Amino acid sequence: CIKSLEMALLMPTSANYFYDYLENCCMNKDALIYFGLYADIRTYLRLHEEGSSEALLRRHAELIFGDYINEERQWDIDIPHDIIKELQNGFSDDMI
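Each value, and the rule that gives it
- Residue numbers restart at each chain and count upward from 1, following the sequence in its written direction.
- Owing to the predicted nature of the model, reporting of local features is limited to residues with pLDDT of at least 70; listing and counting of side-chain atom pairs is limited to 80 or more, with chain, interface and lining totals taken over all residues.
- Here the side-chain values reflect all heavy atoms present in the structure, with hydrogen atoms and water set aside.
- By convention in this document, the label disulfide applies to cysteine sulfur atom pairs within 2.5 Å.
- We call a residue buried when its accessible area falls under 20% of the maximum for its residue type, exposed when it is over 50%, and partly exposed in between, using a 1.4 Å probe and counting protein chains only.
- Numbering of helices and strands runs from the N terminus; a helix is a DSSP stretch of H or I covering at least four residues, while a strand is a stretch of E covering at least two.
- In this scheme, a helix's expected span is set at 1.5 Å multiplied by one less than its residue total.
- In this description, the arc belongs to the directions extending from the helix axis to the C-beta atoms.
- When checking whether two residues touch, look at their non-hydrogen atoms; a contact exists if any pair is within 4.5 Å.
- The axes are straight lines fitted to the C-alpha atoms, using for helices just the contacting stretch, and the angles between their N-to-C directions are given from 0 to 180°.
- Note on angle classes: values under 35 degrees are labelled roughly parallel, values over 145 roughly antiparallel, values of 65 to 115 roughly perpendicular, and the remainder oblique.
- The crossing is said to be left-handed when, going from far helix to near helix, the turn is anticlockwise and less than a right angle, and right-handed when the turn is clockwise.

A. Geometry of the state of the cysteines. One pass over the structure, following the stated rule, counts zero disulfides. No disulfide involves Cys25; its nearest neighbouring cysteine sulfur is the one of Cys26, lying 8.7 Å away. For Cys25, a relative accessible area of 48% gives the class partly exposed.

B. Representation of helix H2 (residues 12–24) in the model. Across its 13 residues, H2 extends 18 Å between first and last C-alpha, which sits within 8% of the 18 Å expected from 1.5 Å per residue. Along H2, the residues classified as buried are Ser14, Ala15 and Leu22. One side of H2 carries all its buried residues, which in axial view fall inside an arc of 100 degrees. The outward face of H2, more than 90 degrees from its buried face, is lined by the exposed residues Pro12, Thr13, Asn16, Tyr17 and Asn24. Structurally, H2 contributes buried residues whose contacts are with helix H1 (5–10) and helix H3 (31–49).

C. Structural context of the packing of H3 against helix H4 (residues 54–68). Running from amino to carboxyl end, H3 crosses H4 at an angle of 165 degrees, the nearest separation of the two axes being 10 Å. On the basis of the axis angle, H3 is roughly antiparallel to H4. In terms of crossing hand, the pair formed by H3 and H4 is left-handed. Residues Ile33, Gly36, Leu37, Asp40, Ile41, Thr43, Tyr44, Leu47 and His48 of H3 pack against Leu56, Leu57, His60, Ala61, Ile64 and Tyr68 of H4.

D. Structural view of H3. The end-to-end C-alpha separation of H3 is 27 Å, in line with the 27 Å expected for 19 residues at 1.5 Å each. Within H3, burial applies to Ala31, Ile33, Phe35, Leu37, Arg42 and Leu47. Where H3 is buried, its residues contact H1, H2 and H4. Immediately downstream of H3, the backbone of Gly51 shows phi near 75 degrees, a positive value.

Have a look at this one:
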């Protein structure tokens, strides 16, 4: 029944099993953070597809930026430095 990773992550039972695997068996210490990033991006995309207000989309984008990209980010995952800088610069330029 599960034809893709995305389908598996959207189904609560399989998503819970996958999360449990990442938490208990995965050797990559950042796996749960990547899982959270994926969930946050999927939530943003769902809000966009549903036609949510620009203010709500912006708030969610700012949360993602603050948690994963900003210099004072909550989660320090392995994203190449040049990509982080490009995202930070793009965000700053967009805010002007």
